[in-house]
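Inside the fold
For reference, the chains in residue letters:
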Amino acid sequence: MAKYIFVTGGVVSSVGKGIAAASIGRILKSRGITVTIQKLDPYLNVDPGTMSPYQHGEVFVTIDGCETDLDLGHYERFIDVELTRVSNVTSGEIYSSVIAKERRGDFLGGTTQVVPHVTNEIKMRMHRVAEESKAEVILVEVGGTVGDIEGQPFLEAIRQMRNDVGRNNVLYIHVTYLPYIYATQELKTKPTQHSVRELRGVGIQPDVILCRSDFPVADDIKAKIALFCDVKPAAVIPLVTTNNIYEVPIILDESALPEIIIEELRLHPASKDLAEWRALIRKMNAPKEQLALAIVGKYVQLQDAYISVREALRHAGIFLQRDVKLSWVSAEDLERDGWEHALSSVSGIVVPGGFGNRGIEGMIRAAQYAREREVPYLGLCLGMQIMVIEYARNVLGLRDANSTEFDPESPHPVIDLMPGQRAVQGKGGTMRLGNYPCELEAGSIAGEAYGQPQVVERHRHRYEFNNAYRAAMAGAGLRASGTSPDNKLVEIAEIKGHPFMLGTQFHPEFNSRPNRPHPLFHSFVGVAKGVIREGGQPPLPLS
Ligand code: GLN
């Protein structure tokens, strides 16, 4: 029987509940315990694929093509696993399924209700992830904060699980936040007390309280929380803000948390070995030369929109002894005159994924700049399409070349809707999603970087390189160095003679790990490392 650790949040959101859950996963894995993880998102969208990054940050794509919460990215990076669609559950998905069952007549004669129909549906998902993964421990993170209206059925479901699977098989961890009052210079526990009271109101008594705080938590504060929230003093675990999120597994490993989990769930750890992770942190924290890179995108004010890209660049930096300093450049700013200084001191430019018209011309200017000045360029999905449009316009002389996503009337639609997408009506979950194989051209930059003839990467797009322009582009120096095995889809494009100008139709960032940087990011950062620009200083972002 699988054991469950439920992670809930209190006081405020965005305190790093996902990172805490992911870190617990890494700690258990380091003890030889098999673990998997699931995120329950109470919003009514079936998946986050239709939400703006302003609402939700990055959409993380699983190998089996599910558009999911960005916490799954943290889970994959920390625990070093590949998750599937069973690891993300939303209210939208739960309610759709319950209503479909009702229409089919599964509940004939009865009233369909939140308890038991919705809660049973949620619990079924928790059992499914256990069955599919065969893991000993299932970590389940409930999105949002205790008290949210949408979260109620999820809390009720996790409450019921304690009776369903047995008390010794369930542990509740509540992550809260201790605000600091500057005037009196003290950390306050009252919001934590209230949030635990709220949790107890739905019948859940937390076993552990993880206290996020920007300041060290003194023993008297811990004792107070233990007393008011009715947990053992040792089970009040402070988690003070750290500059490096990858240190969280080590911080928690040094607390009483691992012992509490092992004892309460009666686990039998084979060993304890965070040695590899510790070595990684030492490598990360070792002083390094800085490397300035720019990310040119639409959502640069909100770095969560490109979180896997940021992490993948950082991972490559660890292995190449560079402290990657990112300059977040708004693509729209590059559409104005006098923008060039925004890129004048970076050693590499990344144009990440995206949708819609806004900022496109600025991204094209960034690609032109990178090509003409031989600044390393990495294009990810949209960034690859941008690179192709720029080349068509400025090297092939196809004025007004564009993607039909941005200009349906373009005389030169070098990027066009995929044939399979033409009949698609709905927006949710209808892109080309998830893993597809890609064959690499021997001797190309991509071929050299990967060092193997075929790879599998994750996708999320509707548009593609238009094959009608492939021969002309290749003749002019932009080659398709990665294609689908049937050679119908261009998966990687690169420019001959440039030190590194490469774009991928897929999202390599999802496959990067702190201990295993992605080959293309490694190769990009490796070339960027040798590029000295003006002043040698990281530029300030324009906005
Ligand atoms: N908008 C482009 C497409 O749909 C690129 C998508 C992306 O960058 N994820 O093809």
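Criteria and cut-off values
Residues numbered from 1 in each chain as written. Predicted model: local features only at pLDDT ≥ 70, side-chain atom pairs only at ≥ 80, totals over all residues. Heavy atoms only, no water. Helix = DSSP H or I, 4+ residues; strand = E, 2+ residues; numbered from the N terminus. Expected span 1.5 Å × (residues − 1). Buried < 20%, exposed > 50% of the residue type's maximum accessible area, 1.4 Å probe, protein only. Salt bridge = Lys/Arg side-chain N within 4 Å of Asp/Glu carboxyl O. Core = buried A, V, L, I, M, F, W, Y, C linked by side-chain atoms within 4.5 Å. Contact = heavy atoms within 4.5 Å. Pairing = 2+ DSSP bridges. Right-handed = clockwise from strand over helix to strand, strands pointing away. 1 Å grid on protein atoms, 1.4 Å probe; cavity = no way out; pocket = protein on both sides within 12 Å on 5 of 7 lines; lining within 4 Å. Points joined across faces, edges and corners; volume = space filled by probe spheres on them. Nonpolar A, V, L, I, M, F, W, Y, C, P; charged D, E, K, R; others polar.

On to helix H1 (residues 17-30), then. Over its 14 residues, H1 runs 20 Å from end to end, which matches the ideal 20 Å to within 8%, given 1.5 Å per residue. A large share of H1 lies buried, amounting to 13 of its 14 residues. Looking one or two residues beyond H1, the residue adopting positive phi is Gly-32, at roughly 80°.

As a further point, take the pattern of salt bridges. One pass over the structure, following the stated rule, counts 40 salt bridges. Between Lys-39 and Asp-71 there is a salt bridge whose closest N-O contact spans 3.0 Å. Of this pair, Lys-39 sits in strand E2 (residues 35-41) while Asp-71 sits in helix H3 (residues 71-79), and the two are 32 residues apart along the sequence. Summarising the burial analysis for this pair, Lys-39 and Asp-71 share the class buried.

Let's shift gears to the nonpolar core. Core analysis: the largest hydrophobic core is formed by 49 residues, its most contacted members being Ile-5 and Ile-261. For this core, the element with the highest residue contribution is H1, accounting for seven residues. For Ile-5, the residues in contact, after removing those within four places along its chain, are Ile-24, Leu-28, Val-137, Ile-138, Leu-139, Val-140, Leu-171, Ile-173, Ile-261 and Leu-265. Of all hydrophobic cores here, the second largest spans 44 residues; its members include Val-329, Leu-343, Tyr-391 and Leu-417.

What follows is about the pairing of strand E13 (residues 322-330). One ladder, built from nine bridges, connects strand E12 (residues 289-297) with E13; its direction is parallel. Counterpart to Ala-292 in the pairing with E13 is Lys-325. As a crossover connection, the stretch from E12 through helix H12 (residues 307-319) into E13 is right-handed.

This next bit is on empty space enclosed by the protein. Under the counting rule described, the total for this entry stands at one cavity of 30 Å³ or more. Approximately 70 Å³ is the volume attributed to the largest cavity. Together, Thr-8, Gly-9, Pro-42, Val-142, Gly-143, Gly-144, Thr-145, Val-146, Gly-147, Asp-148, Gly-151 and Leu-155 line the largest cavity. Here the lining of the largest cavity is composed, by residue class, of four nonpolar, seven polar and one charged.

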